[in-house]
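Examination of the molecular architecture
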Amino acid sequence: MTVTDRLLTENDEPASPNLGDLADFADFPTEPPVDLPGVLARLEALQAIADRQPPRFAEDGLACFNYLYREITTEVWGQIQAGGFRSEEFISRLDVEFAKRYLDAVVPRTDGRPVPESWRVLLDRRSAPHINRIQFAVAGVNAHVDFDLAFALLTTCRALGRPFGEDEHYDYNRINDIFGEHMRSLRQHFEDPWMRFLDGGLLSLVADKGGDLMVVIARDLAWNRAKDLAGLTGPAFDDKSAEIDHAAAVAGVVLLEVPVM
């Protein structure tokens, strides 16, 4: 058994509710969002709940990722309103489907369905004192992009009756641009004072451009995965889904357990 496999299986005990107590979600919308304002309202509500989770509160692992996700989604909504995409219908539907998978994974479940392995990696470690906030944020991006995104793309294209066409790919890549434009400020938000002291010059450039490149590569893989998944059904689809989930979980363990300093 590898070290990564051991770290994954150490958390095989049934988890308590994914994020805090069910009572914390008494006023959380029970229906999935149908538009981006609905997504943003749920991300705001989830942020308030996550920020109250002891022992780390605003530095809770899911609070860190949710902050980043909310900021990027807010910018996407602003770009949609400003006419920054070729197809508002496509990008809006994609962002809603993407968010639905995230919320379905992290909001406490009452139906007994298992939490995806890739998300459990973050949820089971969200209170760990040795993990830096930026690691939590990056691990959340890993689970959401490496696991959720391909399935959200597939659902969107099927629902709209569209192929994975040129206009869709253009709009999809616009999200890469938005992420890149905010990479530095988002990264600095999660750095502690010591990391900010060391930040600057070549180190800062490598961190920003390297993080940006990683997101672009992951999103390109998700685009191609979605096209591959479109040709699968039944057990083949389920097996591929589990394979993608496990690969994202393995990457998540590395991102959370390897020290950043």
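Whatever comes next refers back to the structure up there.
Computed from a predicted structure; not experimentally measured.

1. Considering the packing of helix α2 (residues 36–50) against helix α4 (residues 88–106)
- Running from amino to carboxyl end, α2 crosses α4 at an angle of 30°, the nearest separation of the two axes being 9 Å. Between α2 and α4, the angle falls in the class roughly parallel. The hand of the α2/α4 crossing is left-handed. Facing Leu36, Val39, Arg42, Leu43 and Leu46 of α2, the residues of α4 in contact are Ser92, Asp95, Val96, Ala99, Tyr102, Leu103 and Val106.
- Looking at the contact of α2 with α4 residue by residue, the classes come out as nine nonpolar, one polar and two charged.

2. A few points about unusual backbone geometry
- At the junction of Pro54 and Pro55, the peptide bond is cis and its omega measures out at 5° in the coordinates.
- Inspection of the secondary structure assignment puts Pro55 in the loop between α2 and α3 (61–81).
- Of note, Phe57 is a non-glycine position whose phi angle comes to about 55°, a positive value.
- Relative to the helices and strands, Phe57 is located in the loop between α2 and α3.

3. Focus on the packing of aromatic side chains
- Per the counting criterion, the structure on display carries 11 aromatic pairs.
- Where Phe65 meets Tyr102, the ring centres are 5.3 Å apart and the plane angle is 75°; that geometry is what we call edge-to-face. Residue Phe65 is found in helix α3, and its partner Tyr102 is found in helix α4; the two are separated by 37 residues along the sequence.
- Judged by relative accessible area, which is 1%, Phe65 ranks as buried.
- Look at Tyr102 and you get buried, because its relative accessible area is 0%.
- Ring centres of Phe151 and Phe237 lie 5.9 Å apart, and the angle between their planes is 80°; on these two criteria the pair is classed as edge-to-face. Of this pair, Phe151 sits in helix α6 (residues 133–160) while Phe237 sits in helix α10 (residues 234–257), placing them 86 residues apart in sequence.
- What links up through ring pairs into an aromatic cluster is the set Phe65, Tyr69, Phe98, Tyr102 and Trp119.
- Lying over the aromatic face of Phe147, Arg101 brings its terminal NZ or CZ to 5.1 Å of the ring centre.
- One Lys or Arg, Arg219, reaches over the ring of Tyr172 and ends 4.1 Å from the middle of that ring.

4. Details of α10
- Look at α10: 35 Å from first C-alpha to last across 24 residues, which is about the 34 Å you get at 1.5 Å a residue.
- The set of residues buried in α10 consists of Phe237, Ser241, Ile244, Asp245, Ala248, Ala249, Gly252, Val253 and Leu256.

5. Concerning the environment of Asn173
- Position of Asn173 among the secondary structure elements: in helix α7 (residues 166–190).
- Residues Asn173 and Arg219, 46 residues apart in the sequence, show an inter-C-alpha distance of 8.4 Å.

6. Some remarks on α3
- An ideal rise of 1.5 Å per residue puts 30 Å on 21 residues; α3 measures up with 31 Å between its terminal C-alpha atoms.
- Capping of α3 at its N-terminal end is provided by Asp60; its side-chain oxygen lies 2.9 Å from the backbone amide nitrogen of Leu62.

7. A short note on the packing of α3 against α4
- At a minimum axis separation of 11 Å, α3 and α4 run at an interaxial angle of 165°. Accordingly, the angle class assigned to the pair α3 and α4 is roughly antiparallel. Seen from above, α3 lies across α4 with left-handed handedness. Across the interface between the two elements, Leu62, Phe65, Asn66, Tyr69, Val76 and Ile80 of α3 pack against Glu88, Ile91, Ser92, Asp95, Phe98, Ala99, Tyr102 and Val106 of α4.

8. Considering the side chain of Gln53
- Mapped onto the elements, Gln53 comes out in the loop between α2 and α3.
- In this structure Gln53 comes out as buried when scored by relative accessible area, which is 7%.
- A polar contact of 3.4 Å, which involves the side chain of Gln53, links it to the side chain of Asp24.

Analysis parameters
Residues numbered from 1 in each chain as written. Predicted model: local features only at pLDDT ≥ 70, side-chain atom pairs only at ≥ 80, totals over all residues. Heavy atoms only, no water. Axes fitted to C-alpha atoms, helices over the stretch in contact; angles between N-to-C directions. Helix = DSSP H or I, 4+ residues; strand = E, 2+ residues; numbered from the N terminus. Parallel < 35°, antiparallel > 145°, perpendicular 65-115°, else oblique. Left-handed = near helix turned anticlockwise from the far one by under 90°. Contact = heavy atoms within 4.5 Å. Nonpolar A, V, L, I, M, F, W, Y, C, P; charged D, E, K, R; others polar. Phe/Tyr/Trp six-rings, centres within 6.5 Å; stacked < 30°, edge-to-face > 60°. Buried < 20%, exposed > 50% of the residue type's maximum accessible area, 1.4 Å probe, protein only. Lys NZ or Arg CZ within 6 Å of the ring centre and 35° of its normal. Expected span 1.5 Å × (residues − 1). Polar contact = N/O pair within 3.5 Å; in protein donor to acceptor, adjacent residues only side chain to side chain.

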